[in-house]
Amino acid sequence: MKNRFKYALAILAFVFLGVITVNFVGAQIQNKGMKEKYTNSLINETSPYLLQHAHNPVDWYPWGNEALAKAKAEDKLLLISIGYSACHWCHVMEHESFENEEIAKLMNELFVCVKVDREERPDVDQVYMDAVQLITGRGGWPLNCFALPDGRPFYGGTYFPSDNWVQVLKAISNAYITEKDKVLKSAEQVSEGVRTSGLIEEKANNTSYSMKDLDVSVNAWKSSFDKENGGENRAPKFPIPISLEFLLNYYFYSKDVVILDHLTLSLDKMAEGGIYDQVGGGFARYSVDQYWKVPHFEKMLYDNAQLLSLYAKAYRLTKKPLYKRVIQETIGFVERELFQGEGGFYSALDADSEGVEGKFYVWEKEEVDRVLGDNSSIFSEYYEVLKNANWEEGNILHIKKDKSDLLEKYNIDEEEFDLLLKESKDKLLKVRAKRIRPGLDDKFLTSWNALLIKGYLESYKAIGDEAYLEKANQIADFIVERMSKSGVQLFRTYKNGDSRINAFLDDYSFTIEAFIALYQVSFDETWLQRANTMTAYVIENFYDDKSGMFFYTSVKDAELIARKMEVMDNVIPSSNASMAESLYLLGNILGKLEYVGMSGQMLTNMKDQTLKYTSYHGKWANLMLKHIESPYELVISGKDAKKFQRDFNNNFYPNVLVLGSEQESDLPLLKNRFSNETTSFYLCKDKACFLPTSNINEVIKRIDVK
C-alpha cells in the first residue's frame, strides 16, 4: 500500500501511550437492562442499539452536527463508539464500562462521546473502521475511535476491558494536552490514509474478457474449497451468498462438475447443519466451526434474504427437495418473526436470551422426549439430540444420520418419515415459542428489505406460490410510500412511523435491482420507470466523474472527512457492483447506451481485482460473465405473457434477459410486437433475432445452454 509509511508514522506517534489494544473476540453477554437514573441524547433516536444506551451514565450523542459543534466549542476530542444491536462484545463493553458511573464520569469530562449504529450509519462506520484498521491492523465491533473535534481520527481499537479502557482514556486526553502537535500530525496522516484507501482509478475502457481468464481465477479459488463440509476450508464459516451465486452461474456456462459438486455440498451441509434452524427455519449469521454445526445464533435479515435467492436458483437448477423445504421454512421464519406489520421486515434477532447465547434454540433430551413421546427416538437420532448434550448449553439440532439408514432401522417409508419430522418440528416450535425470546432489532432498513424483495421473487419463480409475489410487491410499495420522497430520494431507516437518515448507495442500488426484478416477473412497467428515475438520481448525486465509479454517500451528505467507495463484496454485495449490474440491465432493456457504457467502464476498472480475488468480487464476476457470454433477450408478448413467463422461469437460465407485456408497449424491445390473437416469443442475441414463435419449447431448444 503506497501510504503504508504514513500509517506507520501515525502508529509510532502513539507509542508513548503505552496502550495495547485488546483483540476483538466473538462472544458477549446480553444487555441485562439498566436503571433509568440517567438519560442522554440517544433517548430521541429510533435505533434499538442507540436506545439500549439511552440510560447509560455516559452523556452519549448521536452522530451529527450537535456533537461536532460541542466538541469544537469546548475543544474536546471526539470518542466515537460504533456497534450494532446483535453485537455481543458491544454489550459486554457497555456493561463493563459504559454503565460504570466512575468510568462514565471520566468519559464525560474528557470527551464528547458519540454512539453510532453501524447498520443505520454505515458511512460513519466505513470511515472509522478504515482508520482503526490502518492504525492497528485489525478491526471489528465494538469499534472505538478517537478523533479531533473536526472528526479526523488518530487512534482507536475494538473491545477494551474496563481497566485498560480507563488507561486509554487518560492517555489519549493527556496526549492531546501535552503532545498536541503529535496528535494533530497523526490525525492528518491517518485521515489522508482513510481518504485515499479504497478509491478506484479510471482505466482505459477497451477491455476484453474471456472465459479462459475466469477459469484460471476459479481454478485458483478451488484450492480453498472444503471438500468434506462445503464452503471455504476454514473456521469460522460465513455463508457468502453472492460468491456461491457466482459459482452457480459459472457452472451454468462452464459445466465444471467440481463447481457443481462444491456448490451443492455447501448448500446441503448448510441446510443440514446447526447454522440452519432445523425447527423454525432461517439461517444464523455464521458457524463458529468448520462443520456448520455451532452457529453464532444471531439471525440477520440480509443473510436470509440472499440465501432465499440462492437456494431458489439452486432449486431451479437441481430440483432438490431439500432446497424447496429450505425456501419454504426460511420464508416461514421471516414472516413469523421479522414481519413488522406495515409491509416491511425488521432487521435482526439477537443471539442471546436470558443472557445466554443460543438458549432459545437448544434442547435438552428430556424435554424432547416429553414433547415428542414415542417419536423422540427417531427424531433424536436424526438430529443428534443426546442425554449429554452435543454443545455446552444444550443440544443443537443438526442432521447427523443418513435418512436411508434410519428408514431401514425403523422400518418406515420416506413419506412417513418426512411427516413424522414435520409433525415433531411443529410441536417443538410451539413449545419454543413460550420461551423468553431473543432481542429484536425492530428497525426497517431499505437496503436489506430490497434484498428480501429479490429473495421473494426468486422463490416465486422457483415454486410458483403467488403469495411470494404479493409479499415482494408489498415490500416494494412500502419503500415507495414510506421510504422515499417523491418516489426517488430514499431514506435509510424506518421505525414507528418515522423515516430518517438519507439513504446510501446500497439502499439505492439494491432497490433499483429489486424494481428491475419486479418488472421482469410482473411485466408492470411502473417498476421499470421507477428504477430508471432512481438511477438518474443516483448518477446525479453519487457518481464520480474522475473514476467512473459511485461514492457510498451522496454529495448532499458530505459531513464526513472522506467519501468512500464500496467495491468489494462482503456478506452483503458491493453497492458499486450492484449499480454496475443495474446500469447494464436498464441500458439493455431501455436502449440507453450511456448506461451500458457506464457499467462497462466500472467493470473495466475492477477487472484486475475481480480476476485476482474472485471470491470477494462475486457480483463483479457475475457481470463479467454477461460480457463474456452475452445474454439472450427473450420478449414474451401477448395476452398470456405472464403465464408463459412463469413456465419459463421455473427453469434456471441466467443467460436470458426476460421482458414482456400483455398489452402494447413502447419499450424498444417490445415495440410493435403485441398481438391480441396470440402470445409470441421473440428471441434475440447480439442484435440478431430468430423468427418469432408461439411455442415455448422451441425457445428453450434454441437457447444455448451448452
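Our structure's up above, just so we're on the same page.
Draft legend 1. Region of the structure containing the layout of surface pockets. In this structure, the second largest pocket encloses a volume near 1100 Å³. Taken together, 36 residues form the lining of the second largest pocket, with Leu322, Arg325, Tyr382, Tyr383 and Ile399 sitting closest to its centre. Among the elements that make up the lining of the second largest pocket, the one with the highest residue count is helix 13 (residues 321-337) (9 residues). Taken together, the residues of the lining of the second largest pocket sort by class into 11 nonpolar, 8 polar and 17 charged.

Draft legend 2. Expanded view of the sheet that holds strand 3 (residues 111-117). Taken together, 5 strands build an open sheet; the order of strands is 1-3-2-4-5 and the sheet is mixed. On the outer flanks of this sheet lie strand 1 (61-62) and strand 5 (153-157), each paired with one strand and no other. Inspection of the sheet shows strand 1 paired to strand 3 by 2 bridges, in the parallel sense. Considered in strand 3, the bridge of Tyr61 is made with Val114. Of the strands in this sheet, strand 2 (77-83), strand 3, strand 4 (143-147) and strand 5 touch helix 7 (residues 162-178), which is tilted by about 15 degrees from strand 4.

Draft legend 3. Main features of empty space enclosed by the protein. Applying the stated rule across the entire model yields 7 cavities of 30 Å³ or more. If you add up the space inside the largest cavity, you get close to 790 Å³. The wall of the largest cavity is formed by 36 residues, among which Glu245, Lys313, Lys454, Glu458 and Glu581 lie closest to the centre. Sorting the residues of the lining of the largest cavity by element identifies helix 10 (241-254), helix 12 (301-318), helix 18 (446-463), helix 20 (505-522), helix 22 (575-590), helix 24 (618-628), helix 25 (641-649) and strand 20 (656-661) as the ones contributing at least two each. Along the lines of polarity and charge, the residues of the lining of the largest cavity split into 19 nonpolar, 7 polar and 10 charged. Taken as a whole, the second largest cavity holds about 130 Å³ of empty space. Contributing to the lining of the second largest cavity are 15 residues, with Gly274, Tyr276, Asp277, Phe297 and Tyr361 lying nearest its centre. Residues of the lining of the second largest cavity, tallied by class, amount to 10 nonpolar, 2 polar and 3 charged.

Draft legend 4. Focus on the pattern of salt bridges. As enumerated under the stated definition, the model contains 52 salt bridges in all. Notably, a salt bridge pairs Glu513 with Lys454, separated by 2.8 Å at the nearest N-O pair. Here the residue Glu513 occupies a position in helix 20, and Lys454 occupies one in helix 18, the gap between them amounting to 59 residues. With relative accessibility at 22%, the residue Lys454 sits in the partly exposed group. One salt bridge connects Lys461 with Glu458, and the closest N-O pair in it is separated by 3.4 Å.

Draft legend 5. Region of the structure containing unusual backbone geometry. The omega torsion of the bond from Trp141 to Pro142 falls at 10 degrees, within 30 degrees of zero and hence cis. In this fold, Pro142 is placed in the loop between helix 6 (122-136) and strand 4. Of note, the bond from Ala235 into Pro236 is cis; its omega dihedral lies within 30 degrees of zero at 0 degrees. The residue Pro236 is located in the loop between helix 9 (211-221) and helix 10 in this model. If you check the backbone angles, Asp75 has positive phi at about 50 degrees while not being a glycine. One can find Asp75 in the loop between helix 3 (65-74) and strand 2. The backbone of Asn496 shows a phi angle near 50 degrees, a positive value even though the residue is not glycine.

Draft legend 6. Region of interest: the sheet that holds strand 12 (residues 440-441). Across the sheet, 3 strands lie side by side as 8-9-12; this open sheet has antiparallel pairing. In this open sheet, the two edge strands, each paired with only one partner strand, are strand 8 (299-300) and strand 12. Judged from the 2 bridges that link them, strand 8 and strand 9 (residues 348-349) form a sheet pairing that is antiparallel. Note on strand 9: the bridge partner recorded for Met300 is Ala348.

Draft legend 7. Quick look at the packing of aromatic side chains. Here the structure, examined in full by the defined rule, presents 38 aromatic pairs. Centre to centre, the rings of Phe252 and Phe652 are 6.0 Å apart; their planes meet at 85 degrees, and the pair counts as edge-to-face. Of this pair, Phe252 sits in helix 10 while Phe652 sits in the loop between helix 25 and strand 20; the two residues are 400 residues apart in sequence, bridging distant segments of the chain. Taking relative accessible area as the criterion, Phe252 reaches 5% and is therefore assigned buried. Following the ring pairs from residue to residue traces out a cluster consisting of Trp60, Phe98, Phe111, Phe146, Phe160 and Trp165. The positively charged end of Lys319 is found above the aromatic ring belonging to Tyr315, 5.6 Å away from the centroid. Positioned above the aromatic ring of Trp363, the side-chain terminus of Arg435 is 4.0 Å from the ring centre.

Draft legend 8. Expanded view of the environment of Lys409. Its location among the elements puts Lys409 in helix 16 (residues 403-409). What makes Lys409 exposed here is its relative accessible area of 53%. It is 54 Å that separates the C-alpha atoms of Lys409 and Ala580, two residues lying 171 residues apart in sequence. Within polar-contact distance, the side chain of Lys409 engages the side chain of Glu381 at 2.9 Å.

Draft legend 9. Spotlight on the state of the cysteines. Under the defined criterion, the tally for this structure stands at 2 disulfides. Here Cys87 is linked by a disulfide to Cys90, with a sulfur-sulfur distance of 2.1 Å. Because the sign of the S-S torsion sets the handedness, a value of about 85 degrees for the bond joining Cys87 and Cys90 places this disulfide among the right-handed ones. Of the two residues examined, Cys87 and Cys90, each falls in the buried class. Covalently, Cys684 is tied to Cys689 through a disulfide, its sulfur atoms 2.0 Å apart. Sign of the S-S torsion, about 100 degrees for the bond between Cys684 and Cys689, identifies this disulfide as right-handed. Disulfide connectivity for the protein chain, with bonded cysteines indexed by sequence position, reads 1-2, 3-4. Here Cys113 is not cross-linked by a disulfide; its sulfur's nearest cysteine counterpart is in Cys145, at 13 Å.

What counts and what doesn't
Residues numbered from 1 in each chain as written. Predicted model: local features only at pLDDT ≥ 70, side-chain atom pairs only at ≥ 80, totals over all residues. Heavy atoms only, no water. 1 Å grid on protein atoms, 1.4 Å probe; cavity = no way out; pocket = protein on both sides within 12 Å on 5 of 7 lines; lining within 4 Å. Points joined across faces, edges and corners; volume = space filled by probe spheres on them. Helix = DSSP H or I, 4+ residues; strand = E, 2+ residues; numbered from the N terminus. Nonpolar A, V, L, I, M, F, W, Y, C, P; charged D, E, K, R; others polar. Pairing = 2+ DSSP bridges. Contact = heavy atoms within 4.5 Å. Axes fitted to C-alpha atoms, helices over the stretch in contact; angles between N-to-C directions. Salt bridge = Lys/Arg side-chain N within 4 Å of Asp/Glu carboxyl O. Buried < 20%, exposed > 50% of the residue type's maximum accessible area, 1.4 Å probe, protein only. Phe/Tyr/Trp six-rings, centres within 6.5 Å; stacked < 30°, edge-to-face > 60°. Lys NZ or Arg CZ within 6 Å of the ring centre and 35° of its normal. Polar contact = N/O pair within 3.5 Å; in protein donor to acceptor, adjacent residues only side chain to side chain. Disulfide = S-S within 2.5 Å.

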